[in-house]
Structures are given as C-alpha cells and as structure tokens.
Amino acid sequence: MQFGIFTVGDVTTDPTTGRTPTEAERIQATVAIARKAEEAGLDVFATGEHHNPPFVPSSPTTLLAYIAAQTRRIVLSTSTTLITTNDPVKIAEDFSVLQHLSGGRTDIMLGRGNTGPVYPWFGQDIRDALPLTVEHYGLLRRLWREEVVDWEGKLRSALQGFTLAPRPLDDVPPFVWHASIRTPEVAELAAYYGDGFFANHIFWPASHTRQLVSLYRRRFAHYGHGTPQQAIVGLGGQVFMRPNSQDAVDEFRPYFDNAPVYGHGPSLEEFTELTPLTVGSPAQVIEKTLGFREYAGDYQRQLFLMDHAGLPVKTVLEQLDLLGKEVVPVLRKEFAVGRPADVPAAPTHRSLLRDRERAEAERSTGDSDQNPETP
C-alpha cells in the first residue's frame, strides 16, 4: 500500500499572522514539501492542477519534473490533470517526457475539474464535461499504446497518421487513476478500462465514498478485470497533528475557520465528525484512517492533504515528520493484517513493465506449444 500527500497549491493568508505568501514563495514551498515527503519515507507526492487564483499549480508536469531532479525514490503524480480542458496529445507528450526524466516514477490522476470559468478559457463548454472526459481519455489511451494513430471524434479535430514523441518509457504508459468527488460516471469509466479509481474523500461523509467505491468495484468485476476486491482504489484525507490532541485542535482552529474551502461553515468539531478530516494526536489519525477500510475495502493508495489553508511551511514540515515517523509505519503494519493475498499492490512503472514482460513470455510459450515446428 502506498502512502503520500497531495497539494492543491492554494495561496492563502495565514490567519494568525495576516501574511500572504507570494506565488514564488508558494511554489518553492511546494518543492520543499515534496522533498520532505521523500525524506519522511512517504511513497507518493501529488499536485493538483488549477488555472485560477488563488492557486499556483497551473503547470503540474513542469513542477513535477523539477521535483524529480531533486528526489530519487518518491512517485510523482497529479491529484488532478484536467482531461476535459487539456488536449490529449499534450497530456500524452508531457507525461511521456516526465516518465523519462523521473525514471518511471510517474503516474497520472485524471479529473473533470469543477471550476466553471476554466472551460471557456481553454475553448470548451462545461456542459460537455462528461463527453469530453470520455472522448479525450479514449484518445489518450491510444496515443500511449499505438505507434500510429488515426482518430476522429466529435469534440476535437481529427488525427491522421500521428505518432507520439517521445514514446512512453519502456513503451509502458503511466498508470492512470480517475479521480472524482461526486460523479459515478467517472467511477464507471475507471472500471471500464480497468484503471484505478481515486475518491477525493475530503468533503463528503463515509456513506458517499462507500457508494462510489462500491460502484467502481462492482463494475470493475463486470468488465472482467478481476474480482471486486482486486480493483485499484485510492483515497484522499486531511489531517493535522500534534503530540497532544487538544494542542492540535487549538492550533488548527483558526486555519479551519478561515479556509476558503470550508471556513465560515460547519464547526471544526462537526466537520471532523462528518468527514475524514482528523485533527488530533497521531494515534487518533491512525485510528480514523484504519477505519476507512471498513467502507472502502482493502485499497492501494492513501494520500493526505496537509499544506493548505495558509499553514506555514515550517508547520507543514513538522506534520510530515509526524506522519512519517509515527503514523505511516503503524498504518503499513495494520493495513497488512488480514489483507487477502489476491489484493494487488499499487501499480508502479516497474510492476507494469514486469506484468507486460510476463504476458509476452506467456504468449510466446503459447505460440510455441501450438506450432511444434518452432525450435
């Protein structure tokens, strides 16, 4: 099972000091946080994609390539690449390059995006969000898998004799996660192709996440990719920790109360009761996170949101130390208990390459068995 963090890249005023970081400071802070995540022993760093203030990650692959040059082990992903407003050809090119630069430490999380004004900025209509998702992803898959692509759709100009350059590293496309906050059609798309499904899981109650994950697992099996428990599931989450739980609550409260996303709404206590947000001690984070398995089943990737709402970089780095030293080692051990042997690990470039080589060897053996003249 993989553990990591994801960022939305918000530029938010610190409510305790009144200071707002510059965009340059926020970008550099993100790089420092990614380096710290690797140092802390985490498996994944993921960044969102936003094209509007107050966010800075408008070019995720540029950011991830810079981080790749400063890390050696951690998997670099997006926590949303907009499949609707990005052109599939450009996505395919950018992530192929990122694969080569990172030595395969790359996967991708696709999403529709829920900021309405972004669509016309990129020449699209938000009313076409679902058709764009389906059509663009169908083309993206072909670009990564076929040497020469002839393609015609309804929402994008046709391609004739197009060859992607560079090809994916080792001719193995990045593993794809489809991310959703509330859209069952996205779970269906992930299941149809046998890709991973990532439930955002930071705003909604457990019952909502249970429905989406359950739908994805059922449909994954329906399309013949394996049993429901073999489907590839990831979850988001939010935590803030201090060794003493009351210290965590007291320190985080002003950030929660003023956060652009959920500030000035439910109280911190109400939000932690109704959603996966955990504010307290490392032991409380462990207990609540282990409870996710009760409604999501045995899953493959857990990402935490930790650098939002104006929290100072120093505080975020302290959080990562706690996560890496006191939380993740226990989660690794406890999530392994009772995990069925046929539940797959989170896919990586190395495992996908190994699976392809094994399948090719099996096909070669089968062809030899059918042709007795083959030496």
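What you see is a predicted model; the values in this text were computed from it and never measured. (Residues numbered from 1 in each chain as written. Predicted model: local features only at pLDDT ≥ 70, side-chain atom pairs only at ≥ 80, totals over all residues. Heavy atoms only, no water.)

Student: What is the right way to read the overall build of the protein from this model?
Tutor: Along the backbone of the protein there are 13 helices and 13 strands. Its C-alpha atoms give the protein a radius of gyration of 21 Å, within 12% of the compact-globule value 21 Å for 375 residues. Overall, the C-alpha framework of the protein stretches about 75 × 50 × 40 Å when taken along its three principal axes. For the protein, buried positions account for 51% of its 375 residues. In the protein, once contacts between residues fewer than 6 apart in sequence are set aside, the share between residues at least 24 apart is 72%. About 16700 Å² of surface is accessible on the protein, with carbon and sulfur atoms providing 53% of the total. (Helix = DSSP H or I, 4+ residues; strand = E, 2+ residues; numbered from the N terminus. Rg over C-alpha atoms; globule rule 2.2 N^0.38 Å. Buried < 20%, exposed > 50% of the residue type's maximum accessible area, 1.4 Å probe, protein only. Contact = heavy atoms within 4.5 Å. Areas by Shrake-Rupley, 256 points an atom, 1.4 Å probe, with all protein chains shown as cover.)

Student: Looking at this structure, I do not really get the pairing of strand β9 (residues 196-199). What am I missing?
Tutor: For a regular strand, side-chain orientation follows a simple rule: the groups alternate between the two sheet faces. Covered by surrounding structure in β9 are Gly-196 and Phe-198 together with Phe-197 and Ala-199, the residues of both alternating faces. As paired strands, strand β8 (residues 175-180) and β9 are joined by four bridges and run parallel to one another. Opposite His-178, over in β9, you have Phe-197 as the bridge partner. Taken together, β8, helix α6 (residues 184-193) and β9 form a β-α-β motif whose crossover is right-handed. With three bridges joining them, β9 and strand β10 (residues 233-235) adopt parallel strand pairing. (Pairing = 2+ DSSP bridges. Right-handed = clockwise from strand over helix to strand, strands pointing away.)

Student: Looking at this structure, I do not really get the pairing of strand β2 (residues 44-47). What am I missing?
Tutor: Side-chain alternation along β2 places Val-44 and Ala-46 on one buried face and Phe-45 and Thr-47 on a second face that is also buried. Where strand β1 (residues 2-7) meets β2, four bridges bridge the pair, whose relative direction is parallel. Bridging across to β2, Thr-7 finds its partner in Thr-47. In the classification by handedness, the crossover that spans β1, the intervening helix α1 (residues 23-39) and the parallel β2 is right-handed. In this structure, β2 lies alongside strand β3 (residues 75-78), joined through four bridges in parallel fashion. Across the sheet, residue Phe-45 finds its bridge partner in β3, namely Leu-76.

Student: Please explain the sheet that holds β8 as it appears in this structure.
Tutor: Strands pair in a sheet through their backbones, by hydrogen bonds, and they do so in one of two ways: parallel or antiparallel. Spatial strand order, β3-β2-β1-β13-β10-β9-β8-β5-β4: nine strands in an open sheet with parallel pairing. Every other strand in the sheet has two partners, leaving β3 and β4 (81-82) as the edge strands with one partner each. Packed on one face of the sheet, helix α12 (residues 313-336) meets β1 and β13 (301-305) and runs near 140 degrees to β1. (Axes fitted to C-alpha atoms, helices over the stretch in contact; angles between N-to-C directions.)

Student: Where do I start with helix α3 (residues 88-102) in this structure?
Tutor: Because the α-helix completes a turn every 3.6 residues, residues three or four places apart line up on one side. For α3, spanning 15 residues, the distance from its first C-alpha to its last is 21 Å, which sits close to the expected 21 Å at 1.5 Å a residue. Of the positions making up α3, those classed as buried are Pro-88, Val-89, Ile-91, Ala-92, Phe-95, Ser-96, Leu-98, Gln-99 and Ser-102. With a side-chain oxygen positioned 3.0 Å from the backbone nitrogen of Val-89, the residue opening α3 is Asp-87. Two residues or fewer after α3 comes Gly-103, characterised by a positive phi angle close to 70 degrees. (Expected span 1.5 Å × (residues − 1). Polar contact = N/O pair within 3.5 Å; in protein donor to acceptor, adjacent residues only side chain to side chain.)

Student: Is there a simple way to explain the packing of α1 against helix α2 (residues 60-68) in this structure?
Tutor: Two measures define how a pair of helices packs: the angle their axes make with one another and the distance between the axes. For the pair α1 and α2, interaxial distance at closest approach is 10 Å and the crossing angle is 45 degrees. On the basis of the axis angle, α1 is oblique to α2. In terms of crossing hand, the pair formed by α1 and α2 is right-handed. Contact residues: α1 offers Ile-27, Thr-30, Val-31 and Ala-34, while α2 offers Leu-63, Tyr-66 and Ile-67. (Parallel < 35°, antiparallel > 145°, perpendicular 65-115°, else oblique. Left-handed = near helix turned anticlockwise from the far one by under 90°.)

So yeah, pure geometry; function would need other evidence.
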